Amino acid sequence: MDSTFDNLDAVGFLKIWQHFDADDNGYIEGKELDDFFRYMMKQLGAGNKITEEKVQRLKERFMSAYDATADGRLQIQELANMMLPEDENFLLLFRRETPLDNSVEFMQIWRKYDADSSGFISAVELKSFLKDLFQKHKKVISPEKLDEYTDAMMNIFDKNKDGRLDLNDLARILALQENFLLQFKMDACSQEDRKRDFEKIFAHYDVSKTGALEGPEVDGFVKDMMELVKPSISGIDLDKFRQILLHHCDVNKDGKIQKNELALCLGLKPAKQ
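Residues numbered from 1 in each chain as written. Predicted model: local features only at pLDDT ≥ 70, side-chain atom pairs only at ≥ 80, totals over all residues. Heavy atoms only, no water.

### A closer look at the overall build of the protein chain
Helix and strand counts for the protein chain come out as 13 helices and 4 strands. The buried share of the protein chain, taken over its 273 residues, is 45%. Here the contacts in the protein chain between residues at least 6 apart in sequence split such that 58% fall between residues at least 24 apart. Surface exposure of the protein chain reaches about 14,500 Å², of which carbon and sulfur atoms provide 51%. (Helix = DSSP H or I, 4+ residues; strand = E, 2+ residues; numbered from the N terminus. Buried < 20%, exposed > 50% of the residue type's maximum accessible area, 1.4 Å probe, protein only. Contact = heavy atoms within 4.5 Å. Areas by Shrake-Rupley, 256 points an atom, 1.4 Å probe, with all protein chains shown as cover.)

### Notes on the layout of surface pockets
Of the volumes computed, that of the largest pocket is approximately 790 Å³. What lines the largest pocket is a set of 32 residues, among which Tyr-27, Ala-171, Leu-176, Gln-177 and Glu-178 lie closest to the centre. Contributing elements (two or more residues each) for the lining of the largest pocket: helix 4 (76-83), helix 9 (167-173) and helix 11 (216-227). A per-element tally of the lining of the largest pocket places helix 9 first, with 4 residues. In terms of residue class, the lining of the largest pocket is built from 11 nonpolar, 11 polar and 10 charged. (1 Å grid on protein atoms, 1.4 Å probe; cavity = no way out; pocket = protein on both sides within 12 Å on 5 of 7 lines; lining within 4 Å. Points joined across faces, edges and corners; volume = space filled by probe spheres on them. Nonpolar A, V, L, I, M, F, W, Y, C, P; charged D, E, K, R; others polar.)

### So, the pattern of salt bridges
What the rule picks out here adds up to 19 salt bridges. For Arg-242, the salt bridge identified is with Asp-219, shortest N-O distance 2.6 Å. Highlighted residues: Arg-242 in helix 12 (residues 235-249) and Asp-219 in helix 11, separated in sequence by 23 residues. Exposure class is identical for Arg-242 and Asp-219. Each is buried. Taken together, the salt bridges that share partners define one network made up of Lys-31, Asp-35, Arg-38 and Glu-52. (Salt bridge = Lys/Arg side-chain N within 4 Å of Asp/Glu carboxyl O.)

### Observations regarding helix 8 (residues 143-157)
Relative to the 21 Å expected for 15 residues at 1.5 Å per residue, helix 8 spans 21 Å between its end C-alpha atoms, a close match to the ideal helical length. Residues Leu-146, Tyr-149, Thr-150, Ala-152, Met-153, Met-154, Ile-156 and Phe-157 constitute the buried set of helix 8. (Expected span 1.5 Å × (residues − 1).)

### Examining a nonpolar patch on the surface
A contiguous nonpolar patch, built from Leu-182, Met-225, Leu-228, Val-229 and Leu-266 and spanning about 420 Å² of accessible area, is present on the exposed surface. Structurally, the position occupied by Leu-228 is in the loop between helix 11 and helix 12. (Patch = residues over 30% accessible without salt bridge, like charges linked within 9 Å, V, L, I, M, F, W, Y side chains within 5 Å.)

### Considerations on the UniProt feature "domain: EF-hand" (unreviewed entry) in the protein chain
This chain's UniProt record puts "domain: EF-hand" (unreviewed entry) on residues 8-43, 101-136, 145-180, 193-228 and 236-272. Helix makes up 67% of residues 8-43 and strand 0%, and the two end C-alpha atoms of the span are 12 Å apart. Annotation note: span residues 193-228, helix share 69%, strand share 6%, distance between end C-alpha atoms 19 Å. (UniProt positions renumbered as here; feature names shortened; annotations may be inferred.)

### Some thoughts on the confidence of the model for the protein chain
In this model, the protein chain carries a mean pLDDT of 84, and residues with pLDDT of at least 70 account for 88%. The least confident element of the protein chain is helix 5 (residues 92-97), whose mean pLDDT is 57; the most confident is strand 3 (residues 212-213), at 96. (pLDDT = per-residue confidence, 0-100.)

### Things to note about helix 3 (residues 52-66)
For helix 3, which comprises 15 residues, the first-to-last C-alpha distance of 21 Å matches the rise-based estimate of 21 Å (1.5 Å per residue) to within 8%. If you check which residues of helix 3 are buried, you get Val-55, Leu-58, Lys-59, Phe-62 and Met-63. Taken down its axis, helix 3 places every buried residue within 125° of arc, on the same side. Of the exposed residues in helix 3, the ones pointing more than 90 degrees away from its buried face are Glu-53, Glu-60, Arg-61, Ser-64 and Ala-65. For helix 3, the elements touching its buried residues are helix 2 (31-43) and helix 4. (Arc of directions from axis to C-beta.)

Shown next as structure tokens:
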């Protein structure tokens, strides 16, 4: 990257992200992308010589190098790789944690840092999460810098500005992949198709491979199920739906959902033992 951005810090970068992700959907795409590369050309000293052709050429060059997912849009980590110097790119820590392609792993993180079980991540809890992340990657950070990063991230990702993050905010920070259940036809007609889909679904959420969903495995399944009908659910919503699912499906009341229990709950005949 050009020396124009050598002095850009994480807080300044997050402000740029917030400006160009105009619709706040977690991506810079479409017109936002063109606007961003037009801004880039100005920063790189193109002056009054900026033309649409030059903007598109610059976009193609940088997108081919930095659009890691090759989806024609920029995620926050991709933009950070493009603009931030290594020592300021704390978002690289999230890149190493991702891709999070399973809601079970996401819910393990959520449960750990929602320490007071309020259904939200407070600024203090977010700071704890960031501190642990830096320690895990053996990065030394001053208390002042940790406060700065926490404030900046809360400012960017706390969409309703209530001083705390909900499930969807943290999912955006961690770049949680698309809901696993979206690939299945929930109205599959044949019993055979439904059984096949059920086997794939259960195997995906049974991360521990015990033949039962428990703890964050139940959480991950509930989160993805509920988001099929309600795109934005809170931690409080999730806890309510979790209790409902356990009430209906946990026949032996062991706090887990056995494979045959979930099959019965979903109207499938359990496989013969």
